[in-house]
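Remarks on the overall topology
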Amino acid sequence: MMASQVVKPDTRNCKRPRELEIFLHFVSNLSTIAVGFLSVMVRWISVLKKYVESTRQKKAIFSKQERLPCIAPLVTTVEETPQIVSACVRGHFPQWLRGYLLRVGPGKFEFGKDKYNHWFDGMALLHQFRMEKGTVTYRSKFLQSDTYKANSVHDRIVISEFGTLAVPDPCKNVFERFLSKFELPAITDNTNVNYVQYKGDYYLSTETNFMNKVDIKTLEKTEKVDWRKFIAVNGATAHPHYDADGTAYNMGNSYGSHGSCYNVIRVPPEKVDLGETIHGAQVICSIASAEGMRPSYYHSFGMTRKYIIFIEQPLKMNLWKVVTSKIRGKSFADGISWEPQYNTRFHVVDKHTGQLLPGMYYSKPFVTFHQINAFEDQGCVVIDLCCQDDGRSLEVYQLQNLRKVGEGLDQVYNSVGRSFPRRFVLPLHVSLNDPEGQNLSPLSYSSASAVKQADGKIWCSYENLHPEGLEDEGGIEFPQINYGQFSGRKYRFFYGCGFRHLVGDSLIKVDVVNKTLTIWREDGFYPSEPVFVPAPGTSEEDGGVILSVVITPKQNENNFLLVLDAKNFEELGRAEVPVQMPYGFHGTFVTI
Ligand SMILES: [Fe+2]
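Residues numbered from 1 in each chain as written. Predicted model: local features only at pLDDT ≥ 70, side-chain atom pairs only at ≥ 80, totals over all residues. Heavy atoms only, no water.

Let's talk about the UniProt feature "binding site: Fe cation" (unreviewed entry) in the chain
UniProt's entry tags His-239, His-299, His-370 and His-586 with the feature "binding site: Fe cation" (unreviewed entry), counted in the numbering of this structure. Taken together, the annotated residues stretch across 348 residues yet fold into one region, lying no more than 12.7 Å apart by C-alpha. In contact with His-299, other than residues within four places in its own chain, are Val-193, Glu-207, Thr-237, His-239, Phe-369, His-370 and His-586. A distance of 2.6 Å separates a polar atom in the side chain of His-299 from a polar atom in the side chain of Glu-207. Relative to the elements of secondary structure, His-370 occurs in strand S22 (residues 367-377). With sequence-adjacent residues up to four places away left out, His-370 is seen in contact with His-239, His-299, Ser-300, Leu-385, Cys-386, Glu-477, Phe-478, Pro-479 and His-586. (UniProt positions renumbered as here; feature names shortened; annotations may be inferred. Contact = heavy atoms within 4.5 Å. Polar contact = N/O pair within 3.5 Å; in protein donor to acceptor, adjacent residues only side chain to side chain. Helix = DSSP H or I, 4+ residues; strand = E, 2+ residues; numbered from the N terminus.)

Focus: the confidence of the model for the chain
In this model, the chain carries an average pLDDT of 90, and 87% of its residues clear a pLDDT of 70 or more. Counting interchain partners and residues more than four positions distant, the pLDDT-below-50 stretch residues 1-62 has 19 contacts. (pLDDT = per-residue confidence, 0-100.)

Regarding the environment of Tyr-462
Checked against the element boundaries, Tyr-462 lands in the loop between strand S26 (458-461) and strand S27 (463-464). For Tyr-462, the side chain forms a polar contact with the side chain of Arg-422, separated by 3.5 Å.

So, the pairing of strand S28 (residues 476-480)
Here S28 lies mainly inside the structure; four of its five residues are buried. With three bridges joining them, S28 and strand S29 (residues 493-498) adopt antiparallel strand pairing. Bridge pairing in S29 places Ile-476 opposite Gly-498. (Buried < 20%, exposed > 50% of the residue type's maximum accessible area, 1.4 Å probe, protein only. Pairing = 2+ DSSP bridges.)

A few points about the sheet that holds strand S14 (residues 259-267)
Strands sit in the order S12-S13-S14-S15 across an open sheet of four strands; the sheet is antiparallel. Each edge of the open sheet carries a strand with a single partner, namely strand S12 (241-242) and strand S15 (282-288). Inspection of the sheet shows S12 paired to strand S13 (residues 248-256) by two bridges, in the antiparallel sense. Among the inter-strand pairings, Tyr-242 is bridged to a residue of S13, identified as Ala-248.

Points about the coordination of the iron ion
Of the protein atoms, only His-239 (NE2), His-299 (NE2), His-370 (NE2) and His-586 (NE2) coordinate the iron ion, at distances of 2.0 to 2.2 Å. With four donor atoms in place around the iron ion and angles of 93 to 158° between them, the coordination shape is irregular. Taken in sequence order, the residues that donate to the iron ion follow the motif H-x59-H-x70-H-x215-H. Of the two residues, His-239 is situated in the loop between strand S11 (220-226) and S12 and His-299 in the loop between S15 and strand S16 (302-303); the sequence distance between them amounts to 60 residues. By the burial criterion, His-239 is buried, and His-299 matches it. (Donors = N, O, S within 2.8 Å, 3.2 Å for Na, K, Ca; no water. Tetrahedral: all angles 85-135°; square planar, octahedral: opposite > 155°, others 65-115°.)

Below, the structure written as structure tokens:
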């Protein structure tokens, strides 16, 4: 091809004929129209792209299921099994696997004629699987909480739970019953969410101010502990984090005349006296709530080696509604509302100094119940979370919904937002000189961005940590990692439950580096939160086994403890137990 030279004509002092002016005017208008048309097209393409993206996300959130099997037996009262039962082992349990899998969840849903409304309300049933030399035994006991005992004595619900308001004593006269509405509600010690550890002892925890210390061998409660006797908090989460030396970190709210605060708590690892519980606990940082009377609800938080990450999400607790719940005849759950007109905010606290970092990190509204892991890299905090775009799932887990059948059950499931793993990157050292509108994340391996805005806030957009196939599995919840070796560190694998039903119906291993899934499923069976147990003598991240309690509503099939090779998810063995078990929440493995 020959090169061409363009010579511009000299138009100075050259008058254009009128026809040429008209023509040029026409061309000019045409080009304006063309530019306008093009910009409209660009806008439409952008809108179309956003629409395609949103429909893809909607598909992710609302992946439909039909003809779901009834799971009512999994959320129905069962008998406890206090005497040790030998399990029938098929396949094998590794000889090195010596210890207890301890789990807790709701197991009794009525007293007398009174029935609980919400799944979270059921009385705590403690499960213990003991593994030694390839054999497995099982036992379970109801936690003898003061709430359980009071309800049993009166044969009715006398203490309110999350979704159930205790009604006044029918033996009182009308006037006494009216006055009792103005008494402050008694706070439950039905600690049915998780086993937690402080100073080497195990406690059962929910999110109130009470925890119950238990003997993990006998499953007997030994002591009731009240956070308020040690520090100025009204409760703490059931998902503390631990340093390698046993120092525990947790978060809990406080309410005062100055409004409400989110407090970071530290509990030292060692006892000064043998009888200690959480003595020495300290509030190391208080974060003021964005709205004093409407703090956010949170269920867990993140921790790196140096930082605590607190997520203030637009799932709000209306304290006025909570305080007046008895007068209004409403449960505590009525005071919680999803308010997506607000964004979600991340707060970062130096856990060694207690200093709240100045960075203002925001993202579009989402709700998270369980964080997966968090770590530091190249001056950033990287935090991975199971996220839902719709924060109304708490309302859905009413027992009447879980016990539905047929189309009613399908409708309930299809109305719930699914949970997906997402990564956020929070750059820690943001200066006034950093340019606006530019992604401040230096991490080449993550598409998560953190963009400085004109008002100094950092707008965070997430990276999906999963391949598209996870949408077909109903998303993922109950995330667990190789906590002992990889908590607070860069990691590759996490494990969770797929949710093609209202409870977990598969076990999934997610490779967050290569974005691949490995899945275990057996139709008609519902596995619990997978717990990773490392094999001795290996430092490989997935060198070990996964334990999960798998239950079924089928009357002619047994529930079992499943053990998978964590590398390939192949079944090593299962220990069948001819005992009815309800679907539970969380647990832990304790070596013996
Ligand atoms: Fe939880």
